[in-house]
Structure formats: C-alpha cells, structure tokens
Amino acid sequence: MKLYTILKWTRRVLAVAVIALITYFFIFSSANATGIWAALLKVQFIPGVLGITTGGALTVTVILLLTLLFGRVYCSMLCPLGIYQDIVNRIAWFIKSRQKRRTHYSKPNDGIRYGILAFVTVCVVFGFTYPLVWLDPYSLFGKMAVNLGRPLVAGITGAEYYTWSWPAFAFAAAFFTFITLLAAFRGRYYCNTICPVGTLLGLVSKISMFRIQVNESECRHCLLCGKSCKSYCLDSSGIKVDHSRCVVCLNCIGSCNTKAVTYAFAWKKKVAIARKKEEPTAENKGRRAFLISALGAGVSAGAGVVLLNRFKGKARVKVGAGLPPGAGNLERLQDKCIACHACVAACPSHIIKPAYGELGWQGFLLPSVSYENGFCGFECQKCQEVCPSGALQRMSLEDKKLTKLGVARFTLENCIVYKDGTDCGACDEHCPVKAVAMMPREGSDKLFPKVTPKVCIGCGGCEYICPARPKAIVVIPMAEQRRADAPLIDVQIKVDIEGFGF
Amino acid sequence: MKRRNFLKTAFLGTIAGTVGLRAPRLMAGNASAEAAEANPAALPDIVAVMGGEPVDLYTRAIAEMGGMKQYVKPGMKVVIKPNIGWDKTPEYAANTNPDLIAAIVRDCRAAGAAEVKVFDHTCDQWKGCYENSGIQDAVKEAGGEVVMAHEERYFREVSLPMGVRMKKAKIHEAIVDCDVWINVPVLKNHGGAKMTICMKNYLGIVWDRRYMHSNDLQQCIADAATYEKRPVLNIVDAYRIMTQNGPKGRTTDDVQTPKAIFMSKDIVALDTAATQFFNQYKTMTINDASHIVLAEKHRLGTTNLSSLNIKRIRL
C-alpha cells in the first residue's frame with residue numbers, strides 16, 4: 001500500500017511539474033523560450049512521429065518502450081492535455097456530490113477510436129497530416145494555452161497582446177469548453193475515444209509488462225475500484241480491466257479494501273489469457289465484423305482525403321502570408337506542422353500568427369508570418385529552436401540569414417520622399433542585407449529607396465517601419481522559401497585621420 | 001502695516017513655492033549656469049579627445065568639461081541615453097560603446113546620483129539589442145539600471161510649443177521624470193537623416209518614430225530637440241564610427257576606428273563638429289543633415305564653431 005501511495009504521488013508531482021512548465025513556456029516565455037521548456041516539447045509523441053527523421057525517432061522509441069513496460073504513462077505524465085483533464089476531473093470531484101463522483105465501467109467506443117486511428121494512420125503515412133491539427137492532444141493544448149492563455153494574461157497584466165487571431169481564439173475557446181466539460185463529466189473520454197495517440201498507445205499497453213490486475217480470490221466484487229476509475233475501464237463485477245484504456249493513474253488500488261487490485265508484472269500470465277479467448281462466440285463475431293468495417297471506413301476516409309489533397313496540391317500555390325523561416329515550402333509545412341503554436345509563443349517580434357485563410361484551407365491555424373507588429377530578427381532563430389516536429393527546420397544562423405521568406409516590392413507613388421519631398425529612409429535603415437538602399441534619382445536632390453530583389457530576404461523590416469499609408473514598401477510572401485543571393489560586397493579602405501576636421 | 005507685511009510675505013511665498021516646486025525641472029537647464037558660477041575660468045564649449053581607449057577618452061574629456069559633479073548633483077535621478085537601436089555587437093559600431101556607457105554610469109554614481117537609468121526605444125527587437133550591444137550587462141555591472149522602452153505605456157505625452165511639424169510627442173517616462181539626462185550617441189551615417197549624432201538620438205526617446213519619418217524627418221528631429229528638458233551634456237562616441245550602410249550597417253567593413261570622443265552642452269555645435277569630423281571620411285555637410293541647421297533656427301545652439309572655445313586633445 002505504501003508503495004502505491006508513493007507511485008501515485010510521484011505521478012501527480014511529475015504531471016503537475018510537466019504541465020506547469022509547458023504552460024509557463026506557452027504563456028510567459030516569449031523571447032527567452034529555450035532550455036528545459038523547449039526540451040519538454042520535444043518529448044511529445046506526435047511531434048516525434050512527424051519529426052522522425054530529425055531526432056523524433058528517439059522520442060517515439062522511448063515513449064513506445066515506456067508504454068510497453070509500464071502502460072500509458074505518457075498519457076498520464078507527459079501529455080499536457082491528458083494532465084489538464086486529470087486536473088479538471090479532480091477539481092470536479094471536489095465540487096460534485098458523493099453520488100455524482102462515482103464512475104462505472106462503460107464499453108469502449110471501439111468503432112470510433114479504431115476508425116479514427118486508421119484514418120489518421122493512412123493520412124500520416126501518405127504525408128497528409130492536417131487531421132492532426134485537430135486531433136493531436138499536445139498541439140491542442142498548445143493552441144488553448146497560446147490563444148486563450150496569452151491574451152488572458154496580457155489582459156490581466158496590461159501588457160500589449162500582438163498575435164490576436166479571432167479564428168484561433170474561437171477554435172481554442174470552443175475546444176477548451178468541450179474538453180473541460182468532457183473531462184469534468186466523463187473523465188478520460190477524449191483520450192480513449194478520439195485521441196489517436198491514446199488509441200495507439202492503448203494497443204501497446206494491452207500487452208505491457210506492468211498492468212493493473214484484479215486478484216479474483218481476494219476480490220469481493222464491491223465495485224469500489226470501478227467507481228474511482230476516470231477511464232471507465234475497470235469492472236470488478238465480472239473482473240474486467242480494459243488495459244487499452246487504462247492510463248495507470250492507480251486510483252483503483254487505493255480504493256480497494258481487500259488489496260485485490262494490484263499493479264504488477266503481467267507477462268507470465270499472457271499465455272493463459274490468450275487461450276481463454278480462442279472460442280469464437282456469436283457476439284465476438286459480430287464485434288469483429290463491426291471493428292473491421294470501422295477500420296475500413298477509417299482507411300477509406302483517409303485514402304479519400306489523401307487523394308483529394310494530392311489532386312488539389314498540383315495547382316500552383318499562392319499564399320496570402322509568409323511562412324516562418326525553415327518551413328521550406330507550404331506543402332512541407334502542412335506535412336510536418338500540427339499547429340501547436342510554440343513558434344507563435346516564442347517569436348520575440350510577434351510576427352508569427354495562426355493563419356485562417358492565408359495558407360489555404362489546410363493551412364488553417366498553421367503558423368504564418370506577417371509584419372504589422374514587427375519583423376523577422378536577423379540574428380533570431382527562436383521559432384526553429386522551439387519547433388518540436390522539425391516543421392521549422394533547424395539550420396545554421398548563416399543559412400537562416402539567407403533564407404528568403406518573400407521579396408520586397410517598392411511603390412514610388414506611395415513613398416514619403418516622392419509624395420512630400422522630405423527625407424525618410426526608414427526602410428533602408430531597417431534592412432539587414434541592404435537589399436533596400438537609398439539612391440539618388442533624376443530630378444530630385446533627395447535619396448529614394450531602391451530594392452535589389454535578389455538580395456532581399458523578405459524579413460519585413462522595411463514593410464514594418466514604412467510610415468506611408470498605404471505602405472510604399474511591402475513584402476510579397478512566397479509559398480516556397482529559397483536561398484537569397486549573398487549581400488553585395490562593400491569593402492571600404494580603413495583610413496587613419498590626422499586632425500579633427502573642425 | 002500688518003496687512004502690507006502679510007501681503008508681501010504671501011506674494012514672496014507664492015513665488016518661492018512655485019520656484020521650489022519647479023526646482024528639479026529648472027535644474028536641468030540651469031546646471032550649466034551654476035557650473036559657470038562655480039568655476040569662473042569658463043569651461044570649454046566643446047572638448048574633443050582622440051587616440052585612446054573609450055574609458056581613457058571619456059576620463060580625459062569629462063575632466064576638461066569640469067568633471068561630472070558639474071552636471072550631476074547628489075541625490076539626482078539621472079538618465080543616460082545611448083544609441084542601442086540594433087541587435088549588433090560593439091565592433092559593428094551600430095550602438096554606443098558599452099565601456100563608455102559603463103564609465104559614465106560609474107561617474108554619475110560617484111557624483112552621488114540616486115539612480116542612473118539607461119534605455120533606448122530600439123529598432124530591432126529590444127531584448128536582442130540590449131543584450132548583444134553589451135550595454136545591459138555593462139550598465140548593471142556599473143551600478144545602473146536598464147529600463148524597458150518597447151511598449152507605448154512607457155511613454156508620456158509632452159507638448160513641444162516650439163515645434164514646427166511636431167507640436168507634441170510621447171517621450172519616455174524615464175526622461176520625463178528625471179532630474180538630468182545625458183545624451184550619448186554613436187557617430188554614424190544615416191540613409192534618411194544623412195547623419196545620426198546627438199539630435200537624431202532623440203528618436204529613441206520618442207514613441208512614434210513613424211510620425212517623424214512621415215512628417216518631414218529633418219524638421220521633426222529639430223522639433224524633438226526643442227523638448228524643454230535638454231540634456232545637461234552631449235557625448236559623441238566616435239571610438240568606432242559607421243561611415244556607410246548606416247545606421248544599421250552590415251559588416252565591419254562599414255566601420256572606421258578613429259578612437260575619439262566629443263563633448264559639449266551645445267547640441268547643435270556638437271552635431272556640427274561631429275559632422276565635420278565625419279566629412280574627413282565621407283563627404284557630408286550640415287546642409288545635407290539639415291536638422292542641424294533647422295535646430296539652429298530653433299535657437300538650440302550654434303553651427304558657427306569659430307565663435308566657440310574648443311579644446312582639442314590628442315592622447
């Protein structure tokens with residue numbers, strides 16, 4: 001009993017620490033978002049799967065191994081959405097009457113969960129990851145924290161909030177309401193019915209080395225354990241534990257008066273269980289047919305969406321906003337990004353925002369770049385540092401300084417120097433590569449901006465600072481990031497002067 | 001008799017009270033007058049020192065200017081305003097030299113300043129500027145305080161009655177609330193204003209630089225410099241200067257290293273002198289950087305250097 005108490009409290013402490021650090025990162029750590037916070041984003045399952053070639057393989061292997069050994073510990077101690085639901089559920093437990101606190105065993109929604117898993121698997125295997133934007137638990141938590149938490153904190157502290165986006169807020173608010181109510185009244189329902197990660201890990205945890213077990217000789221079938229199970233997966237009347245849904249919270253062990261429920265080594269019993277299930281009953285047959293049809297539906301839906309996407313993808317892409325540096329191109333971003341909005345939170349210049357129409361329908365909520373609040377820092381790679389899935393590819397600073405997000409376009413008629421005949425030069429001042437330079441022009445003694453498009457990296461410094469309305473210089477975003485030409489060489493002989501000149 | 005005495009006292013009291021209340025504000029402008037009184041052998045109008053490391057240059061120049069105690073009295077709230085506009089390290093000459101800023105902070109502290117604040121409304125993202133310029137660390141180590149200036153809430157509206165194109169501006173609260181401030185720009189060329197020296201450094205105490213750029217930049221710079229609380233001292237960092245691709249610069253090819261420093265209370269005269277110094281590297285006149293001429297029209301100082309007592313020193 002003592003051991004279980006220790007284990008349970010270990011789980012609670014770790015879980016609270018993880019969610020606190022992740023939330024802190026998402027809400028507060030703009031501009032100093034590195035170190036442990038960024039590291040916690042890198043141990044998430046789906047980002048690991050998508051970034052399998054860029055270091056994600058280790059994450060995925062470790063999580064699968066942990067699940068194989070101890071069950072779904074990822075779901076209870078690493079997944080921020082899972083931890084959030086536990087916290088909500090616990091708070092609701094305090095509020096609820098004694099009767100309402102009780103849970104009970106319920107049948108798994110196998111059709112839905114395996115259907116979704118099949119659908120997502122087909123999509124991901126064929127490189128269409130957009131459904132994960134709506135389903136991946138970690139990124140859903142990120143979307144909530146960034147689009148609800150940050151404006152809330154900004155409102156309280158009176159700081160300015162730059163990356164406001166109505167659609168993202170609406171999405172986050174709707175999901176927040178949904179998941180909070182669900183967690184309060186149905187425990188881990190999302191994790192065991194909708195979440196593809198939960199379902200996948202559930203398949204592994206069915207055969208995990210350590211599992212919750214009910215000792216038949218000790219059990220009095222009092223149902224107490226089932227009443228404390230937030231996964232609704234424990235039934236002591238017929239002694240059934242659905243290990244695929246168990247997130248090893250260990251609540252059941254504490255509730256048992258006869259010490260019949262244990263969390264113990266389970267591999268030695270495997271053979272016996274397998275034998276028991278061999279006789280096919282009519283019920284089993286029907287269930288199998290139902291499962292197969294659910295899987296089929298999922299697979300064909302996935303295939304359909306993938307094909308639709310392939311077909312549509314051939315059209316030439318035009319974007320209404322740029323992509324964060326390292327995204328490569330729109331297709332790659334759509335394939336790798338799950339819109340966790342870590343980059344939105346980390347960008348110190350507040351130029352990364354959730355897109356709603358700029359990147360097409362499959363770009364909804366993906367990070368897009370616009371320059372109303374700032375411009376891309378020449379020396380900055382924060383977005384690449386925090387991106388957990390490798391969607392924003394980490395590169396050397398030298399490469400990043402040549403990564404072209406768009407190209408500046410100058411409109412003389414709008415320019416202050418042309419309209420008012422007065423000096424300005426704000427664009428030239430901000431250009432880090434001198435793709436915009438002030439040049440003399442015939443018929444005027446003033447200097448005018450001149451753009452060298454090949455050198456321009458589309459950082460948006462010129463657009464951001466241009467004081468003219470409408471802007472005289474704007475960055476035309478590109479759906480495909482290229483390498484800009486190196487800035488022109490501008491060597492100057494070092495001079496030694498003798499006098500002061502005055 | 002009684003009644004007359006009473007009225008007299010009340011009248012004088014009112015004056016005394018008013019002056020007393022306004023004392024900190026007057027002090028900023030009057031420090032130089034006090035200095036002249038304290039030191040009958042008039043101090044030079046401009047001190048220029050060349051040929052040394054930033055701290056040595058500063059130490060010599062401030063001694064020639066009568067020492068920091070002339071400008072900062074015990075208990076005063078002091079602001080030092082360097083140029084920290086860009087996310088660049090010191091060798092690019094995009095920002096004021098951090099060693100110089102540290103030396104000034106220490107000197108103000110030694111003169112008895114109650115607090116020394118340093119800030120700039122940066123162009124690049126502020127954190128990168130404060131850190132990579134080396135100024136944040138230098139100031140903290142020297143006993144000063146770096147304050148933020150990246151949001152509008154740190155700025156307060158003041159009127160500029162002398163302004164031609166800019167009649168009011170939002171100025172950083174540290175400047176509005178301080179007793180004295182010291183203007184410490186770095187000498188650079190500028191694509192728009194042509195030169196960025198002392199007066200162009202005012203863009204970093206103003207919130208809305210877009211307004212200035214779009215309403216006759218040169219005039220707005222001169223207008224900003226009419227703000228009633230003038231710097232008690234202007235110090236031009238010309239240890240490293242930027243002679244091309246300014247004010248941000250690209251590589252160290254844009255930099256020359258004359259190892260000099262210039263100081264004056266007269267902001268127009270100092271900008272004029274620094275422009276003439278710069279002209280030795282790249283052709284430049286105060287007519288190009290016309291905010292200097294416009295500021296003279298505002299009677300902020302003189303461009304006629306021959307009328308001034310200039311002390312030129314080579315270390």
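It should be emphasised that the depicted structure is a prediction, and the values quoted were computed from it without experimental measurement.

A. Molecular detail of the overall build of chain A. For chain A, the helix and strand inventory stands at 24 helices and 10 strands. By principal-axis analysis of the C-alpha atoms, chain A measures approximately 100 × 50 × 40 Å. Restricting the contact set of chain A to residue pairs at least 6 apart, pairs at least 24 apart contribute 76%.

B. Fine view of helix α2 (residues 54-64) of chain B. Residue and element names in this part refer to chain B. Of all the positions in α2, only Pro 54, Leu 57, Tyr 58, Ala 61 and Ile 62 are classed as buried. Around the axis of α2, the buried residues are gathered within 115 degrees of arc, so they sit on the same side. In this fold, the buried residues of α2 make contact with β1 (46-50), α3 (98-110), β10 (233-242) and β12 (260-264).

C. Representation of the nonpolar core within the structure. Judged by nonpolar contacts, the single largest core of 235 residues is most densely connected at Val78(B), Ile101(B), Ile261(B) and Phe262(B). Counting the residues that make up this core, at least three belong to each of domain 1 (2-272) and domain 2 (405-478) of chain A.

D. Representation of the packing of helix α1 (residues 2-28) of chain A against helix α6 (residues 80-95) of chain A in the model. All names here are of chain A. For the pair α1 and α6, interaxial distance at closest approach is 9 Å and the crossing angle is 115 degrees. Seen along the crossing, α1 lies across α6 with a hand that is left-handed. Contact with α1, carried on its side by Ala 15, Val 18, Ile 19 and Ile 22, involves Pro 80, Ile 83, Tyr 84 and Asp 86 of α6 and no other residues of that element. The residue inventory of the contact of α1 with α6, partitioned by class, reads 7 nonpolar, no polar and 1 charged.

E. Expanded view of the environment of Thr163(A). Residue and element names in this part refer to chain A. Note on placement: Thr 163 falls in the loop between α10 (137-157) and α11 (166-186). Thr 163 sits in the buried class, given 24 other C-beta atoms within 10 Å. C-alpha separation for the pair Thr 163 and Asn 257, spaced 94 residues apart in sequence, amounts to 53 Å. Contacts of Thr 163, omitting those with residues within four sequence positions, involve Val 344, His 350 and Lys 353.

F. Region of the structure containing the interface of chain B and chain A. Facing the 37 residues of chain B at the interface are 37 residues of chain A. When residues of the side of chain B that touches chain A are traced back to their parent elements, those giving at least two are β1, α4 (126-132), α7 (209-214), α8 (217-224) and α9 (267-278) of chain B. Here the residues of the side of chain B that touches chain A sort into 11 nonpolar, 15 polar and 11 charged.

G. Quick peek at the packing of α6(A) against α11(A). All names here are of chain A. Across the interface, α6 lies against α11 with an axial gap of 8 Å and an inter-helix angle of 55 degrees. On the basis of the axis angle, α6 is oblique to α11. As for the relative orientation of α6 and α11, their crossing is right-handed in sense. Here Gln 85, Val 88, Asn 89 and Ala 92 of α6 come into contact with α11, specifically with Ile 179, Thr 180, Ala 183 and Ala 184. For the contact of α6 with α11, a count of residues per class yields 5 nonpolar, 3 polar and no charged.

H. Representation of unusual backbone geometry in the model. With an omega of -5 degrees, the peptide bond running from Arg469(A) to Pro470(A) counts as cis. Relative to the helices and strands, Pro470(A) resides in the loop between α24 (461-465) and β10 (473-483). In the segment running from Gly246(B) into Pro247(B), the intervening peptide bond is cis, with an omega of 5 degrees. Inspection of the secondary structure assignment puts Pro247(B) in the loop between β10 and β11 (255-256). The backbone of Asp216(B) shows a phi angle near 65 degrees, a positive value even though the residue is not glycine. With respect to the helices, strands and loops of the structure, Asp216(B) is situated in the loop between α7 and α8. A positive phi angle is found at Arg299(B), which is not glycine, with a value near 60 degrees. Here Arg299(B) is to be found in the loop between α10 (291-297) and β13 (310-314).

I. Quick peek at the domain arrangement of chain A. Assigned domains of chain A: these are domain 1 (2-272) and domain 2 (405-478). Taking the mean C-alpha position of each, domain 1 of chain A and domain 2 of chain A sit 51 Å from one another.

J. Highlighting α3(B). Residues and elements named next belong to chain B. Between the first and last C-alpha of α3 there are 18 Å, a value that for 13 residues agrees with the 18 Å anticipated at 1.5 Å per step. Where burial is concerned, most of α3 is hidden: 10 out of the 13 residues are buried. Turning to α3, its buried residues are Pro 98, Asp 99, Leu 100, Ile 101, Ala 102, Ala 103, Ile 104, Val 105, Asp 107 and Cys 108. If you follow the buried residues of α3, they end up packed against α2, β2 (77-82), β3 (115-118), α5 (135-142), β7 (180-184) and β10.

Here is what the cut-offs are and how they apply
- Sequence order sets the numbering: in each chain, residues are counted from 1 along the sequence as written.
- Starting at A for chains and at 1 for ligands, labels are handed out in the order in which the entities are written.
- Owing to the predicted nature of the model, reporting of local features is limited to residues with pLDDT of at least 70; listing and counting of side-chain atom pairs is limited to 80 or more, with chain, interface and lining totals taken over all residues.
- Helix numbering and strand numbering both begin at the N terminus, where a helix is a DSSP run of H or I of at least 4 residues and a strand a DSSP run of E of at least 2.
- With C-beta atoms placed from the backbone, a contact is any residue pair whose C-beta atoms sit within 7 Å.
- As a rule, residues whose C-beta atom has 12 or fewer other C-beta atoms within 10 Å are exposed, those with 20 or more are buried, and those in between are partly exposed; C-beta atoms are placed from the backbone.
- It is the directions from the helix axis to the C-beta atoms that the arc portrays.
- To define a nonpolar core, we join buried Ala, Val, Leu, Ile, Met, Phe, Trp, Tyr and Cys residues through C-beta atoms within 7 Å and take the resulting set.
- An automatic or database domain assignment provides the domain bounds reported here.
- Between N-to-C directions, angles cover 0 to 180 degrees, with each direction set by a line fitted to C-alpha atoms, over the stretch in contact for helices.
- For any pair of crossing helices, the crossing counts as left-handed if the nearer helix is rotated counterclockwise from the farther one by less than a right angle, and right-handed if it is rotated clockwise.
- Residues are grouped as follows: nonpolar covers Ala, Val, Leu, Ile, Met, Phe, Trp, Tyr, Cys and Pro; charged covers Asp, Glu, Lys and Arg; every other residue, Gly included, is treated as polar.
- Each angle is binned into one of four classes, with values under 35 degrees roughly parallel, values over 145 roughly antiparallel, values of 65 to 115 roughly perpendicular, and all other values oblique.
- Here a helix's expected span is defined as the number of its residues, less one, multiplied by 1.5 Å.

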